[in-house]
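# Understanding the architecture of this molecule
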Amino acid sequence: MASHTARFFVETKGDICIMDITKEIENAVAESKIENGIAAVFVPGSTASISTMEFEPGLLKDLPEVLKKIAPLEKDWEHHKTWNDRNGASHILATILGPSLSVPFHKKKLLLGTWQQIVLLDFDREPRKREIIVQVIG
Ligand code: ZN
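The structure contained in this document is the topic of the report that follows. (Residues numbered from 1 in each chain as written. Predicted model: local features only at pLDDT ≥ 70, side-chain atom pairs only at ≥ 80, totals over all residues. Heavy atoms only, no water.)

## With respect to a nonpolar patch on the surface
There is a patch of nonpolar side chains on the surface, built from Val-66, Ile-70, Ile-92 and Ile-96 and spanning about 340 Å² of accessible area. Among the secondary structure elements, those contributing two or more residues to the nonpolar patch are α2 (57-70) and α4 (88-97). Among the residues examined, Ile-96 registers a relative accessible area of 54% and is labelled exposed. (Patch = residues over 30% accessible without salt bridge, like charges linked within 9 Å, V, L, I, M, F, W, Y side chains within 5 Å. Areas by Shrake-Rupley, 256 points an atom, 1.4 Å probe, with all protein chains shown as cover. Salt bridge = Lys/Arg side-chain N within 4 Å of Asp/Glu carboxyl O. Helix = DSSP H or I, 4+ residues; strand = E, 2+ residues; numbered from the N terminus. Buried < 20%, exposed > 50% of the residue type's maximum accessible area, 1.4 Å probe, protein only.)

This is the structure in structure tokens:
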């Protein structure tokens, strides 16, 4: 089994910040010597997630609206008593959406749908510098 590890950093703005990281994942596959396989994308941390969506302005408003209904950012969560912080909703949303994603590729091309981009969702309340890890396996 061949594998290649790539890492990159993304600056996020805080609260529900969604960023298109498709290009960086494509780059990780391109710089590997692997033609066919899986790109496993992972974000370390308990307040961010990796998923896919159609990255367009309407959904970039609709999705946070739904997520805030599931876990309101301003609610006084029990978690806040544990650490005296204010990111209980951030942790809950990160767990629901999950920290990783596996994307198959063939002839070095990610097998994504036409309207499907890979996104980092940062739920933390403050701007963060996030590290993303891509394990390319073939
Ligand atoms: Zn916390």
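## Considering the side chain of Arg-125
Along the chain, Arg-125 falls in the loop between β7 (117-122) and β8 (128-137). Here Asp-15 takes part through its side chain, which lies 2.5 Å from a polar atom of the side chain of Arg-125. At a separation of 3.3 Å, a polar atom in the side chain of Arg-125 contacts the main-chain carbonyl oxygen of Arg-86. Residue contacts for Arg-125: discarding those within four places in its chain leaves Gly-14, Asp-15, Leu-73, Glu-74, Arg-86, Asn-87 and Ser-90. (Polar contact = N/O pair within 3.5 Å; in protein donor to acceptor, adjacent residues only side chain to side chain. Contact = heavy atoms within 4.5 Å.)

## Some thoughts on the environment of Gly-138
On the secondary structure map, Gly-138 appears in the segment after β8. Look at Gly-138 and you get partly exposed, because its relative accessible area is 43%. Ignoring sequence-local partners within four residues, the contact set of Gly-138 consists of Met-1, Ala-2, Ile-34, Asn-36 and Gly-37.

## Comments concerning the sheet that holds strand β3 (residues 37-42)
Judged by pairing direction, the sheet is antiparallel, and its five strands sit side by side in the order β1-β8-β3-β5-β6 without closing on themselves. Single-partner strands in this sheet number two, and they are β1 (3-12) and β6 (109-110). Across two bridges, strand β5 (residues 100-106) lies against β6 in antiparallel orientation. Pairing of Phe-105 across the sheet is with Leu-110, part of β6. In the packing of helix α1 (residues 22-31) onto the sheet, contacts are made with β1, β3, β5, β6 and β8, and the angle to β1 comes to roughly 155°. (Pairing = 2+ DSSP bridges. Axes fitted to C-alpha atoms, helices over the stretch in contact; angles between N-to-C directions.)

## Structural notes on the packing of aromatic side chains
Taken as a whole and judged by the stated rule, the model has zero aromatic pairs. Sitting above the plane of the Trp-77 ring, Lys-75 keeps its charged end 4.4 Å from the centroid. Geometry around Phe-9 places Lys-129 over its ring, the cationic atom sitting 4.9 Å from the centre. (Phe/Tyr/Trp six-rings, centres within 6.5 Å; stacked < 30°, edge-to-face > 60°. Lys NZ or Arg CZ within 6 Å of the ring centre and 35° of its normal.)

## A word on the coordination of the zinc ion
Donor atoms from the polypeptide that bind the zinc ion are His-79 (NE2), Asp-85 (OD), Asn-87 (OD1) and His-91 (NE2), placed at 2.0 to 2.3 Å. Here the zinc ion binds four donor atoms, and the angle range of 81 to 170° at the metal identifies the geometry as irregular. All donors to the zinc ion come from one chain, and their sequence spacing reads H-x5-D-x1-N-x3-H. (Donors = N, O, S within 2.8 Å, 3.2 Å for Na, K, Ca; no water. Tetrahedral: all angles 85-135°; square planar, octahedral: opposite > 155°, others 65-115°.)

## Here we look at the sheet that holds strand β2 (residues 17-20)
Pairing is antiparallel in the open sheet, where three strands are placed in the order β2-β7-β4. One side of each edge strand has no neighbouring strand; the edge strands of this open sheet are β2 and β4 (48-53). Neighbouring strand axes in the sheet, compared pairwise and without regard to direction, differ in orientation by 30° on average. Here β4 pairs with β7 via six bridges, running antiparallel. Paired with Ile-50 across the bridge in β7 is Leu-120.

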